[in-house]
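# Secondary and tertiary structure notes
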Amino acid sequence: MKKLTTAVIVSLSVLVTGAVFAQNTATLRHGLSIEQDAEPDRMPVVQNDDIKRKRSYPMQPPTIPHKIDGYRVDTNSNKCLSCHSRNLSSDTQAPMVSVTHYMDRDGNFLASVSPRRYFCSQCHVVQTNAKPHVESDFVDLDDLLKAAQSKPKE
Amino acid sequence: MFAKLKNTLVHYWGVLRRPAVHYSLGFLVMGGFIAGIIFWGGFNTAMEATNSEAFCTGCHEMETNVYAELKGTIHFTNRSGVRAICSDCHVPHEWTAKMARKMQASKEVWGKIFGTIDTREKFLDKRLELAQHEWARLKANDSLECRNCHNFDYMDFTRQSKRAAEQHSTSLASGEKTCIDCHKGIAHELPDMEGVEGWQ
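Note that this is a predicted model, so its numbers are computed, not measured. Throughout this document, residue positions are counted from 1 along each chain, in the order its sequence is written. A letter from A marks each chain and a number from 1 marks each ligand, given out in the order of writing. Restriction of local features to residues with pLDDT of at least 70 applies here, the model being predicted, together with a cutoff of 80 or more for giving and counting side-chain atom pairs; totals for whole chains, interfaces and linings are based on all residues.

## As for the overall build of chain A
Of the regular secondary structure elements, chain A holds four helices and zero strands. A run of DSSP states H or I qualifies as a helix once it reaches four residues; a run of E qualifies as a strand once it reaches two. Both are numbered from the N-terminal end. Start at the N end of chain A and walk to the C end: the helices and strands fall as α-α-α-α. Every C-beta atom is placed from the backbone, and the number of other C-beta atoms within 10 Å of a residue's own sets its class: buried at 20 or more, exposed at 12 or fewer, partly exposed in between. Expressed as a percentage of its 154 residues, the buried residues of chain A come to 8%. Here contacts are defined at the residue level, using C-beta atoms placed from the backbone and a cut-off of 7 Å between them. Put simply, 42% of the contacts in chain A that link residues at least 6 apart link residues at least 24 apart.

Written out as structure tokens, the structure is:
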């Protein structure tokens, strides 16, 4: 009997705290109950202006400034490398993939792109006009340094 | 046996080269004219029927491989609803070229009968060869089937993205490159592209 009472109390408290948290959580369902269908957001449009973007930190993988619809990257072909590879970037004037992509994990240089760097969109992604659900509070390293330098020394 | 065949042939040759006895010239001329319309129209209708999507995808080789792959691409579904069917890209529109292509395609009937690509594995093994035939054909006719819809003269570079305009206004405009040189694998999946010009 005592066990049962404990179980009931525990499950009730879990339910109540769950409900309290659920009210404060932003979801893609816009707070609708599970029986209702939320209207999906419009598909965002991919930025296609071919203008290089600033990187947020030096080793950030650069984002893709163009559409990549239908660009296949698989065992047979790699559409990205048909412009960005070492051999072809002079024809296409696309930036060559960085030299780190031609290295294995021990830092030895390879003749072609390393298998572990082959799947481009693992790191490099397009940017869309979608509004972020949560604002980013990322601070650029330069700003951090400036703030630290301007602060009077104690 | 040969003597009998020879006699028959000689008999009909005789019928053909003698003037008609029972029919008027008007009847023969009109009859020939009407029969001509029926046969010519029938021939072209049958030829058009072999150009239809239903005919092409009637074989499982086409339906489960290339047609299934086409479905996700922009030539099948897109914002404006204009789409291409098999023959738009794979059969010339102009009559003589179309007849020549149709005669070549009779080899595909052979392939169908003997099951050259009747499984997915066989198809994948042969894909490079089949793709190379199509690349060579489009290269030789300056991507004619692309240009049936995508007319260079009416391309507005200002409506293209920067890099598209860059390529189209230089290499394509000068005739140095043709559509298929860059736009491979836009409607179907690609074979292993190792060693193909312009890939890695």
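Now that the structure has been shown, we can carry on.
## Re the overall build of chain B
For chain B, the helix and strand inventory stands at 10 helices and zero strands. Put simply, chain B runs from its N terminus to its C terminus through helices and strands in the order α-α-α-α-α-α-α-α-α-α. In terms of C-alpha radius of gyration, chain B reaches 24 Å, well past the compact-globule figure of 16 Å for 200 residues. In terms of its C-alpha atoms, chain B occupies a principal-axis envelope of roughly 75 × 40 × 30 Å. Sequence separation of at least 24 residues holds for 56% of the intrachain contacts in chain B that already meet a minimum separation of 6. Our radius of gyration is a C-alpha quantity, and the globule rule it is checked against amounts to 2.2 Å times the number of residues to the power 0.38.

## Some thoughts on the environment of arginine 159 of chain B
By secondary structure assignment, the location of arginine 159 of chain B is in the loop between helix 8 (144–147) and helix 9 (162–172). As for arginine 159 of chain B and glutamate 197 of chain B, which are separated by 38 residues in sequence, their C-alpha atoms are 29 Å apart.

## Description of the interface of chain B and chain A
In this assembly, 14 residues from chain B lie in contact with 13 residues from chain A. Grouping the amino acids of the side of chain B that touches chain A by side-chain chemistry returns six nonpolar, five polar and three charged. Note on residue categories: nonpolar means Ala, Val, Leu, Ile, Met, Phe, Trp, Tyr, Cys or Pro, charged means Asp, Glu, Lys or Arg, and polar means any other residue, Gly included.

## Focus: helix 4 (residues 60–70) of chain B
Residue and element names in this part refer to chain B. Of all the positions in helix 4, only Glu61, Met62, Asn65 and Leu70 are classed as buried. Projection of helix 4 onto a plane perpendicular to its axis shows the buried side chains occupying an angular sector of 125 degrees, all on one side. Of the residues in helix 4, the exposed ones pointing more than 90 degrees away from the buried face are His60 and Glu63. The arc refers to the directions leading from the helix axis to the C-beta atoms.

## Looking at unusual backbone geometry
With phi around 55 degrees, aspartate 50 of chain A is a residue other than glycine that occupies positive phi space. Within the secondary structure, aspartate 50 of chain A is located in the loop between helix 1 (2–24) and helix 2 (81–84).

## Here's the deal with the domain arrangement of chain B
By the assigned domains, chain B splits into domain 1 (1–49) and domain 2 (59–200). Note that the domain bounds reflect an automated or database-derived domain assignment. Computed over C-alpha atoms, the centres of domain 1 of chain B and domain 2 of chain B are 42 Å apart.

## Remarks on the nonpolar core
By definition, a nonpolar core groups buried Ala, Val, Leu, Ile, Met, Phe, Trp, Tyr and Cys residues that connect through C-beta atoms lying within 7 Å of each other. Listed in full, the five residues of the largest apolar core are Cys80, Leu81, Cys83, Val113 and Cys120 of chain A. The contact partners of cysteine 83 of chain A, leaving out residues within four places of it in the chain, are Leu88, Ser89, Thr92 and Ala94 of chain A.

## Digging into the confidence of the model for chain B
Within a predicted model, pLDDT stands for the predictor's per-residue confidence, ranging from 0 to 100. Looking at chain B as a whole, the pLDDT averages 92, with 100% of positions reaching at least 70. Confidence estimates for the predicted assembly give a pTM of 0.78 and an ipTM of 0.76.

## With respect to helix 6 (residues 95–114) of chain B
Residue and element names in this part refer to chain B. Its 20 residues give helix 6 an end-to-end C-alpha distance of 29 Å, which sits within 8% of 28 Å, the value for a rise of 1.5 Å per residue. Little of helix 6 is tucked away: zero of the 20 residues are buried. One or two residues past the end of helix 6 sits glycine 115, with phi positive at roughly 65 degrees. By definition here, a helix of n residues has an expected span of 1.5 Å times n minus one.

## Topic: the environment of arginine 105 of chain A
Residue and element names in this part refer to chain A. With respect to the helices, strands and loops of the structure, arginine 105 is situated in the loop between helix 3 (89–92) and helix 4 (141–150). Residue class for arginine 105 comes out exposed when judged on the 8 C-beta atoms lying within 10 Å of it. In the structure, arginine 105 is positioned 11 residues away from arginine 116 in sequence and 8.5 Å away in space, judged by C-alpha atoms.

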